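Spelled out, the chains give:
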Amino acid sequence: MSRRAIHRALGIAFCLTICMALALAVSLSAGSSCAAAIAELFGRPPANSITFWGHACFYIDIDGYGIVTDPAFGDRLFLRWRRVPAPPRSSYGRARLILISHAHPDHLDLDTIAIFPGGVTILCPEPAAGLISERGIDAKVMRPGDSFEYPGGKVVAVVAKHAGSRYGVRSLTDGSALGFVIYTPYSTVYYSGDTNLFEGLDDVGRVHAPDIAILNISGHLHGKDAVEAARRVGAGTIIPSHFGAYGHLFWPEQKLPREYDEMLEGLGETMVLLHLGESLYLDPESND
Ligand SMILES: [Zn+2]
């Protein structure tokens, strides 16, 4: 069975599990039982893997060290509302690093980062850092090219073409919005944050040669742009983000990336669609 077929089968099985778990949760009147069903839904992320938690949030485990991208678990964000449960705190108890790509509300949710374990380090660009510090939380400002070492490797900030301010709409390449390259002992992961197609993606491919690229495919890189972005980055595995948790004012049910069929045709076996709670191992051999 091909990897895509395996993932599709896992996806179907997972969706059925979600339906059963949610039906079970609804049927249970006690709040603690509902919480148990949600915990079962998410569980603890597997070791040395990337787990999708909806929209732009991924939990990356590297030998027990947890890195979380853009966590936003609120019921309602600007023009969006969450349609699935949020991960329980037990799922991210081992989080040690939070990567905030920019300050848009669906990537920086101050209420969410406030509930992460004490001692977690937050890396983010300047505009986001200002908002976080107003909340009384420390954050380390990153600029393109800056790196941060962690026990399993390092995280390098790269430029994104996107607005970095809270409600900005102009796509800039001034470092106010970032992507991150995460070096691990098993593979190198590029997390794009939000970005349009631009020449900086060629630099990511040439300088960092990521094995796995998490691209904001439903955000700004849908269709042909997504296929071209994947080509420029050059990763052998492309994971779409920006779908699966929140309904949108204009796309109330966004369970698959937009223009999914076109991307599937263009990206072929390189695209690995993770449904909510699904994981991909960092070591390719573990996925066989
Ligand atoms: Zn954005």
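Note: the structure precedes this text.
The shown structure was predicted, so the numbers you read here are calculated from the model rather than taken from an experiment.

Reading the values: rules and limits
Here the residue index of a chain counts from 1 through its sequence in written order. Restriction of local features to residues with pLDDT of at least 70 applies here, the model being predicted, together with a cutoff of 80 or more for giving and counting side-chain atom pairs; totals for whole chains, interfaces and linings are based on all residues. Whether two strands pair comes down to DSSP finding at least two bridges between them. A helix here means a DSSP run of H or I that spans at least four residues, while a strand means a run of E at least two residues long, and both kinds are numbered starting from the N terminus. Axis definition: a line fit to C-alpha positions, over the contact stretch in the case of helices; interaxial angles, taken between N-to-C directions, run 0 to 180 degrees. Here contacts are defined at the residue level, using C-beta atoms placed from the backbone and a cut-off of 7 Å between them. Put simply, a nonpolar core is buried Ala, Val, Leu, Ile, Met, Phe, Trp, Tyr and Cys residues tied into one set by C-beta atoms within 7 Å. Using C-beta atoms placed from the backbone, we call a residue buried if 20 or more other C-beta atoms fall within 10 Å of its own, exposed if 12 or fewer do, and partly exposed for counts in between. For this classification, Asp, Glu, Lys and Arg are treated as charged, while Ala, Val, Leu, Ile, Met, Phe, Trp, Tyr, Cys and Pro are nonpolar and the rest, including Gly, are polar.

Draft legend 1. Here's a closer look at the sheet that holds strand β15 (residues 246-248). Read from one edge to the other, the open sheet built from three strands follows the order β4-β5-β15, with strand pairing classed as antiparallel. The open sheet terminates on both sides in strands that have one partner only, identified here as β4 (76-77) and β15. Pairing of strand β5 (residues 80-82) with β15, which is carried by three bridges, proceeds in the antiparallel orientation. Across the sheet, the residue bridging to arginine 82 is tyrosine 246, located in β15.

Draft legend 2. How the structure looks around the sheet that holds strand β13 (residues 212-215). Overall, mixed pairing links the six strands, which are arranged β9-β10-β11-β12-β13-β14 in an open sheet. Edge positions in the sheet fall to β9 (147-150) and β14 (237-240), since each of these pairs with one other strand and no more. Going across the sheet, the axis of each strand differs from the next one's by a mean of 20 degrees, ignoring polarity. One ladder, built from four bridges, connects strand β11 (residues 178-183) with strand β12 (residues 188-191); its direction is antiparallel. Following the sheet pairing, valine 181 is matched in β12 by tyrosine 190. Helix α5 (residues 200-208) contacts β10 (153-159), β11 and β12 of the sheet and is inclined by roughly 155 degrees relative to β10. Across the sheet, helix α6 (residues 224-233) is in contact with β12, β13 and β14; its angle to β13 comes to roughly 150 degrees.

Draft legend 3. Quick peek at the nonpolar core. Counting 74 residues, the largest nonpolar core has Leu99, Cys124, Phe180, Tyr190, Ala213 and Leu215 as the members making the most contacts within it. Setting aside residues up to four positions removed in sequence, tyrosine 190 forms contacts with Gly179, Val181, Val204, His208, Pro210, Ala213, Ile214, Val233 and Ala235.

Draft legend 4. Structural view of unusual backbone geometry. Phi at aspartate 63 is positive, roughly 50 degrees, even though this residue is not glycine. Looking at the secondary structure, you find aspartate 63 in the loop between β2 (58-62) and β3 (65-69). A count of 12 C-beta atoms within 10 Å places aspartate 63 in the exposed class. Look at alanine 209: it is not a glycine, yet its phi comes out positive at around 45 degrees. One can find alanine 209 in the loop between α5 and β13. Overall, the presence of 13 C-beta atoms within 10 Å leaves alanine 209 in the partly exposed class.

Draft legend 5. The environment of serine 147, seen in detail. As for its position among the elements, serine 147 is in strand β9. Overall, the presence of 14 C-beta atoms within 10 Å leaves serine 147 in the partly exposed class. C-alpha of serine 147 to C-alpha of valine 181: the two residues are 34 residues apart in sequence and 9.2 Å apart in space. Once you skip the residues sitting within four places of it in the chain, serine 147 turns out to touch Lys154, Val155 and Val156.

Draft legend 6. Representation of the packing of α5 against α6 within the structure. Running from amino to carboxyl end, α5 crosses α6 at an angle of 35 degrees, the nearest separation of the two axes being 7 Å. On α6, the residues that touch Leu201, Asp202, Val204 and Gly205 of α5 are Ala229, Arg232 and Val233. When its residues are assigned to classes, the contact of α5 with α6 shows four nonpolar, one polar and two charged.

Draft legend 7. Geometry of the pairing of strand β1 (residues 49-52). The two faces of β1 match: Ser49 and Thr51 on one face and Ile50 and Phe52 on the other face are all buried. Pairing analysis gives three bridges linking β1 to strand β16 (residues 279-281), with the strands arranged antiparallel. Note that in β16 the partner of isoleucine 50 across the bridge is leucine 280. Judged from the three bridges that link them, β1 and β2 form a sheet pairing that is antiparallel. Paired with isoleucine 50 across the strands is isoleucine 60, a residue of β2.

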